[in-house]
Each structure stands twice: as C-alpha cells, then as structure tokens.
Amino acid sequence: TEMQNWVILPGNNSIRIVNVEKNESYVLIKEGFDSSFMYNDIRIRMLYKCIITPSLKKHSPDYSWYVESRICGLALNRISCERQRKISFLSACENLIKLKEKSKSTVSAFLYLDQLIAKLDKLIDGLPRSFQGLDYLDRNFKKSIIQLSKKSTDTSLELCETHGDFQDANILFDGKNTWIIDWEYSRRRSTFYDYITYSCATRGGGELYVRLYKKLKTCVKDGGLKFWGTLQKGDASLLFSIFIVEDLISRIQETLSGFNHKKDKNFSVYIVEIQKFLESISLDDVRHVQN
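On a predicted model such as this, the values are computed, not experimentally measured, just so you know. (Residues numbered from 1 in each chain as written. Predicted model: local features only at pLDDT ≥ 70, side-chain atom pairs only at ≥ 80, totals over all residues. Heavy atoms only, no water.)

Overview of the overall build of the protein chain
Note the following rule: Labels follow the DSSP assignment, with helices taken as runs of H or I lasting at least four residues and strands as runs of E lasting at least two, numbered in each case from the N terminus. The globule rule used here is 2.2 Å times the number of residues to the 0.38 power, and the radius of gyration it is set against is calculated over C-alpha atoms. Accessibility here uses a 1.4 Å probe with only protein chains present; expressed as a share of the type maximum, an area under 20% marks a residue as buried, one over 50% as exposed, and anything in between as partly exposed. For every accessible area listed, the method is Shrake-Rupley and the probe measures 1.4 Å; residues are considered covered only by the protein chains on display. We count Lys and Arg on the positive side and Asp and Glu on the negative side, and we leave His and both chain ends out. The location of each charge is read from NZ of Lys, CZ of Arg, CG of Asp or CD of Glu.
In terms of helices and strands, the protein chain carries eight helices and 13 strands. The C-alpha radius of gyration of the protein chain comes to 20 Å, within 12% of the 19 Å expected for a compact globule of 291 residues. Oriented by its inertia axes, the alpha-carbon framework of the protein chain measures out at about 75 × 45 × 35 Å. By residue count, 48% of the 291 residues in the protein chain fall in the buried class. Total accessible area on the protein chain is roughly 14900 Å²; 51% of this is exposed by carbon and sulfur atoms. Each charge class in the protein chain can be summarised by its mean position, and for the 43 positive and 36 negative side chains these summaries are 2 Å apart.

Here we look at the pattern of salt bridges
How we decide: Salt bridges, as used here, are contacts in which a Lys or Arg side-chain nitrogen is within 4 Å of a carboxyl oxygen on Asp or Glu.
With the rule as written, the count across this model stands at 11 salt bridges. With its nearest N and O atoms 3.0 Å apart, the salt bridge here joins arginine 203 to glutamate 254. Placement of arginine 203 in the loop between helix H5 (193-199) and helix H6 (208-222) and of glutamate 254 in helix H7 (residues 236-256) is noted, with a sequence separation of 51 residues between them. With a relative accessible area of 27%, arginine 203 lands in the partly exposed category.

Comments concerning H6
Quick note on the threshold: Every helix has an expected span of 1.5 Å times one less than the residues it contains. Each C-beta atom gives one direction from the helix axis, and the arc is the one those directions make.
The end-to-end C-alpha distance of H6, which contains 15 residues, comes to 21 Å, matching closely the 21 Å that a straight helix rising 1.5 Å per residue would cover. Considered for burial, the residues of H6 that qualify are Leu208, Leu212, Tyr213, Lys215, Leu216 and Cys219. For H6, the buried positions fall inside an angular range of 165° around the axis, keeping them on one side. Exposed side chains of H6 directed beyond 90 degrees from the buried face belong to Lys214 and Lys221. Where H6 terminates, the next one or two residues include glycine 223, which has phi positive at roughly 75°.

Considering the side chain of glutamate 246
What counts is decided by this rule: Think of a polar contact as two N or O atoms within 3.5 Å of one another; within protein, one of them needs to be a possible hydrogen donor and the other a possible acceptor, and neighboring residues in sequence only count if both atoms come from side chains. Two residues qualify as a contact provided that any one of their heavy atoms is within 4.5 Å of a heavy atom in the partner residue.
Position of glutamate 246 among the secondary structure elements: in helix H7. Salt bridges are absent for the buried glutamate 246, whose nearest opposite-charge side chain, arginine 189, sits at 5.7 Å. Within polar-contact distance, the side chain of glutamate 246 engages the backbone nitrogen of serine 190 at 2.7 Å. The residues contacting glutamate 246, other than those within four sequence positions of it, are Tyr112, Leu116, Arg189, Ser190 and Tyr193.

Concerning the sheet that holds strand S8 (residues 156-162)
For clarity, the cut-off: Any two strands with at least two DSSP bridges between them are considered paired. Lines fitted to the C-alpha atoms define the axes, with helices restricted to the stretch that makes contact. Angles between their N-to-C directions range from 0 to 180 degrees.
Across the sheet, three strands lie side by side as S7-S8-S11; this open sheet has antiparallel pairing. A single partner strand is all that each edge strand has here, and the edge strands are strand S7 (105-108) and strand S11 (187-190). Taking each pair of neighbouring strands and ignoring which way they run, the sheet shows an average axis angle of 40°. For S7 and S8, the ladder comprises four bridges, and the chain directions are antiparallel. If you follow serine 108 over to S8, its bridge partner there is serine 156. Seen against the sheet, helix H2 (residues 82-103) touches S7, S8 and S11 and runs at an angle of roughly 115° to S8. Sitting on the sheet, H7 touches S8 and S11, and the angle it makes with S11 is about 155°.

Structure representation (structure tokens):
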C-alpha cells in the first residue's frame, strides 16, 4: 500500500520519484548521464534563494541526487485561461530579472565570443566522428560566425545567471503561486539568452531560422536587443552570434549526455536550422550591397 503514494516521472537527465504523502520529490541522475546538469540545478538554487522554484531540502555530496518539496501545478502550455497564463509568465520574467540583477557582470562582447568559440572548439574536438551534424560544425559554422563578428563593432555585454531552458513547460502555476522548474541547464550566459529562447521558441522546432531571423530584424531596427525592460546595445549580427554559440554549446552538452548521441537526429535538425539562419543573414548582407 505504501507504493500507492509514489509516482515515478522520467526526465531528460534524471528521474523524479514523488512521495505524494510527504509532498517530497527525490531526483536521481540517470546512470551514464552527465552529472553536471544536476550540479547546475543544485548550485544555482543554493546560491540564489530568490529563485521561485521548489525548495531544495538536501542533496548528496557528489550531486547525484537531491530532495525537493513537491509542487502541484499546471505548466503554462496546459492552462486554458489566457489571463492567468499572462500573469504567471510575467511573474516568471520578473523573477529572472531579479536573478539577473543579483548576478550580472559586464564584459567585452568580442572577448566573450572568443571564449565561447574556444569552448566550442574543445567540445567539437571531443565529438565522435559519427556525430550527426559534425560535418557542418567542422566545415562552415565557425567561419560563418567569425565573418559575422568581423562586420560588427565591439560593445559592453552583460552576462548573468540564466535558466537555460525557459519555456512554458517549465513554468508552473499551482492555483496561487508561479514556479520555475528544471534548472539543470542553468549557466552564466548573455542576459538575453532566456529571452531569445522563449520568444523564438528555440525548443519548438519547425522553421526555427524564420523566428530567429524575424527577431534579428527587430534588433537591427531597435539598435540593440530590447527585452523585459532592458536594452542590450550592439550590432544584431554580433548579439545573435553570441546567442547561437551559447545555445550550440548547451545543445552539444545535452546531446552527449547519455548513450544515444550517435542516433540522435534532433541535433542534426537543429544544425540545419542554424545553418539556414546564418545563410539568411549573409544573403541579407548581399542584398544590401546590391541595393
């Protein structure tokens, strides 16, 4: 009868075992998966108590498991009331803004992009040759990014702690409060990373390059990236190059976690979308020259 109080929920990198009676969730890293994702989740919640997320009760010294309070709520994409969805979304955004204010720092955009590319190079060097999408990463990607950045002017870039997977499925409303869950992709990135992830539905598939390109054109018109009451000044091509490399690093790390990266077609589909986006920017530059 005790097992009637337990619910097992599989995740991308971990398994969540919910004790309904005690209102606790036990989260365990999947065998063979990258423990850094669980470390990220634990680290940011310990450092920043302002985050509206289930309270962390305890964790193992090696970051292989933790216990958190149980939250009963619906994800935004399952809430039928548009007004409530909007209220919960704004609450989540306000929390990310608070996190940004507590953790922000300023760097040279050029220097930061160089650091990202160096990190990406190390990841690519460690990929198996069978990795789908590797041919484009080896052949054209880095060249395209460098060409874009050379057309830009350096600017002061703000970095902060980010959620890393900010989407409706990770925002819950329990009837009273809004919560942001699944911080396993959290990392220090550009302050606009979560904004682009959400507003361009980068996890949504289906012509991602079109959504990114529309947002880039708005950025060009505004003289920088406007988001959540902030303006990150800078050339659109530079700001979006930074986002793309940040996102690509996260995608590679995600894909390498576990055993199925050789058969994972999602990454190769993602690479095709990124390739189309970068080609769209290049073609747009050509049109401006021709005109």
